[in-house]
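Here is what each chain is made of, one letter per residue.
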Amino acid sequence: MSETGYPTTRMRRLRSCDFIRRMVSESNLTPADFIQPIFVCEGENYREPIASMPGIDRLSIDLLIEKSRKLRDLGIPAIAVFPVVSKSKKTKWAEESYNPDGLAQRAISAVRESVPEIGVMADVALDPFTIDGHDGISNEDGYVENDVTIDVIVKQALSQARAGVQIIAPSEMMDGRVGAIRQALESEGFHNVLILSYAVKYASAFYGPFRDAVGSASELGGRDKRTYQMDPANSNEAIREVALDLAEGADMVIVKPGLPYLDVVRRVKSEFNVPTFAYQVSGEYAMLMAAIQNGWLDERKVIIETLSAFKRAGGDGVLSYFSERAAEWIA
Ligand code: PBG
């Protein structure tokens, strides 16, 4: 493409007033771009604030239903439920993860029954259920065992499918898990249960507030997840991860965290052309909220700007704790 120079070309003509800016805008946010993550806890008419995530509460199932109705009315297509499990239910083998009466399973079926128009997604990972806060089952040396973990998460995925979940999101980064889950779903006739794989999940410091929210931070202590989550320095590895998950039966993929990894979103989208989502994680939320609450950043402008960036980078949508607020503004 050749550009004629100034003054034949004046880039500012295309920015000179609102109508033309809207006309040439290259990406557009709509409520259908959002998935709202929600923390679910036991209780009735009970909400509990999360200190490091101002504006986000843990919700009991009845309030989750209320929230789901509101999100549906805003045009948000899906929610992601994250159970906050009491310490007494956490074990070495994470049995609670596949309890048909577990909190996650009850939350899934309650929303499916009461708000059938909204999609329900759930994480497959054991961190809310293990005594050491790891996403999988650890051996005596503290190493998270791949194949042992897969046996458990397959049970977890099936129990979620039986509860009515429509999107299963494996987030524990075990090798071969997408294939194992897909095979199990097929064998029980769940042909249309979607797998939205956290194909590209980095060992990130930005998950801190989430671990407070679900209460896995104290179990994890000072340990990290670097033997299964990806090194933030890598992006070729991201391409291999996505290729494997697609080959194993993932329908869509997530890149996580979001804003610090937009280059990866772009690479994944260009390489595979599959539905690609970014997760604007808890630490990104906390960081923005801290500045917003100090009056250092303008809430509405900065949130819309970050969400638009995911679309510009090629993302098909975003999991964000700002989803509800952003959809309200867009409406
Ligand atoms: C659990 C899981 C995590 C997040 C989503 N699922 C935390 C982790 O891997 O430690 C993080 C989400 C967020 O920070 O908002 N496997």
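Note that the structure is predicted; figures quoted are calculated from it, not measured.

Student: What is the right way to look at the side chain of Lys201 in this model?
Tutor: Following the sequence through the fold, Lys201 ends up in strand β7 (residues 194–201). Judged by relative accessible area, which is 5%, Lys201 ranks as buried. A distance of 3.0 Å separates a polar side-chain atom of Lys201 from the backbone oxygen of Ser171. If near-sequence neighbours (up to four positions away) are discounted, Lys201 is found in contact with Asp135, Ser171, Met173, Tyr207, Gln229, Met230 and Lys256.

Student: What exactly am I supposed to notice about helix α12 (residues 323–330) here?
Tutor: Given 3.6 residues per turn, any residue in an α-helix points the same way as the ones three and four places further on. Of the positions making up α12, those classed as buried are Ser323, Glu324, Arg325, Ala326 and Ala327. The secondary structure elements touched by the buried residues of α12 are β1 (34–41), α2 (61–74), α10 (282–293), α11 (299–312) and β10 (317–320).

Student: How should unusual backbone geometry be read in this particular structure?
Tutor: For residues that are not glycine, phi is negative in most cases, and the peptide bond is trans in most cases. Omega for the peptide link from Tyr6 to Pro7 comes to 5°, which places this bond in the cis form. Assignment of secondary structure puts Pro7 in the segment before α1 (18–24). A cis geometry characterises the amide bond from Lys256 onward to Pro257, with omega recorded as -10°. Of note in this structure, Met173 is not a glycine but carries a positive phi near 65°. Overall, Met173 belongs to the buried group, its relative accessible area being 6%.

Student: So what exactly am I meant to see when it comes to the packing of aromatic side chains here?
Tutor: To describe a pair of aromatic rings, you give the distance between the ring centres and the angle between the ring planes. Under the criterion given, the structure shown has nine aromatic pairs. Consider the rings of Tyr202 and Tyr261, whose centres lie 4.3 Å apart with planes at 20°: the pair is stacked. Of this pair, Tyr202 sits in the loop between β7 and α6 (208–214) while Tyr261 sits in the loop between β8 (252–256) and α9 (262–272), and the two are 59 residues apart along the sequence. Like Tyr202, the residue Tyr261 is buried in the burial classification. Both rings, one in Tyr279 and one in Tyr321, keep their centres 6.1 Å apart while their planes meet at 50°; by these two values the pair is tilted. Separated by 42 residues along the polypeptide, Tyr279 in strand β9 (residues 276–280) and Tyr321 in the loop between β10 and α12 bring together distant segments of the chain. Overall, Tyr279 belongs to the buried group, its relative accessible area being 1%. One aromatic cluster in this structure is built from Phe39, Phe82, Tyr198, Phe210, Tyr279, Tyr285, Tyr321 and Phe322. Positioned above the aromatic ring of Tyr198, the side-chain terminus of Lys201 is 5.4 Å from the ring centre.

Student: Explain the nonpolar core here, please?
Tutor: As a rule of thumb, soluble globular proteins bury nonpolar side chains together. Phe39, Ile79, Met121, Ile181, Val200 and Leu307 are the most contacted members of the largest nonpolar core, which has 107 residues in total. It is helix α4 (residues 146–163) that contributes the most residues to this core, eight residues altogether. Discounting residues that sit within four places of it in the chain, Met121 has contacts with Ile35, Ile79, Ala80, Val81, Val165, Ile167, Ala169, Leu196, Tyr198, Ile254 and Leu319.

Student: Would you take a moment to explain the packing of α10 against α11 for this structure?
Tutor: Geometry of a packed helix pair, given as the angle between the helix axes and the separation of the axes. One way to put it is that α10 packs onto α11 with a least axis distance of 10 Å and a crossing angle of 155°. Our classification of the angle between α10 and α11 gives roughly antiparallel. Of the two possible hands of crossing, α10 and α11 adopt the one that is right-handed. Contacts between α10 and α11 involve Glu284, Leu288 and Ile292 from the former and Glu299, Val302, Ile303, Thr306 and Phe310 from the latter.

Student: What am I meant to see in the site of the ligand here?
Tutor: Around the ligand, the surrounding shell holds 18 residues, and the nearest of these are Arg211, Lys225, Lys256, Ser282 and Tyr321. Between the ligand and Ser282 there is a distance of 2.7 Å, counted from an oxygen atom to a side-chain nitrogen or oxygen. Contact with the protein chains covers 99% of the free accessible surface of the ligand, which is 400 Å². Classifying every residue of the shell around the ligand by side-chain character gives eight nonpolar, three polar and seven charged.

Student: Would you take a moment to explain the environment of Phe129 for this structure?
Tutor: Its place among the elements puts Phe129 in the loop between β5 (119–124) and α4. You can call Phe129 buried: its relative accessible area is 4%. In this structure, the C-alpha to C-alpha distance between Phe129 and Pro31, residues 98 residues apart in sequence, is 32 Å.

Student: Quick question: what am I supposed to make of the side chain of Lys256 here?
Tutor: One can find Lys256 in strand β8. Comment: no salt bridge for buried Lys256; closest opposite-charge side chain is Asp123, at 5.2 Å. With residues up to four places along the chain from it excluded, the contact list for Lys256 reads Tyr198, Val200, Lys201, Tyr202, Tyr207, Tyr279 and Val281.

Student: Please clarify how helix α8 (residues 236–248) should be interpreted in this entry.
Tutor: For α8, with 13 residues, the first-to-last C-alpha span of 19 Å sits near the 18 Å given by 1.5 Å per residue. Of the residues making up α8, those classed as buried are Ala238, Ile239, Glu241, Val242 and Asp245. Seen from one end, α8 has its buried residues packed into an arc of 160°, which puts them on one side. Among the exposed residues of α8, those pointing more than 90 degrees away from its buried face are Asn236, Arg240 and Ala247. Note on α8: the residue one or two positions beyond its end, Gly249, has a positive phi of about 120°.

What counts, and at which threshold
- Residues numbered from 1 in each chain as written.
- Predicted model: local features only at pLDDT ≥ 70, side-chain atom pairs only at ≥ 80, totals over all residues.
- Heavy atoms only, no water.
- Helix = DSSP H or I, 4+ residues; strand = E, 2+ residues; numbered from the N terminus.
- Buried < 20%, exposed > 50% of the residue type's maximum accessible area, 1.4 Å probe, protein only.
- Polar contact = N/O pair within 3.5 Å; in protein donor to acceptor, adjacent residues only side chain to side chain.
- Contact = heavy atoms within 4.5 Å.
- Phe/Tyr/Trp six-rings, centres within 6.5 Å; stacked < 30°, edge-to-face > 60°.
- Lys NZ or Arg CZ within 6 Å of the ring centre and 35° of its normal.
- Core = buried A, V, L, I, M, F, W, Y, C linked by side-chain atoms within 4.5 Å.
- Axes fitted to C-alpha atoms, helices over the stretch in contact; angles between N-to-C directions.
- Parallel < 35°, antiparallel > 145°, perpendicular 65-115°, else oblique.
- Left-handed = near helix turned anticlockwise from the far one by under 90°.
- Near = heavy atom within 4 Å.
- Areas by Shrake-Rupley, 256 points an atom, 1.4 Å probe, with all protein chains shown as cover.
- Nonpolar A, V, L, I, M, F, W, Y, C, P; charged D, E, K, R; others polar.
- Lys, Arg positive; Asp, Glu negative; His and termini not counted.
- Salt bridge = Lys/Arg side-chain N within 4 Å of Asp/Glu carboxyl O.
- Expected span 1.5 Å × (residues − 1).
- Arc of directions from axis to C-beta.

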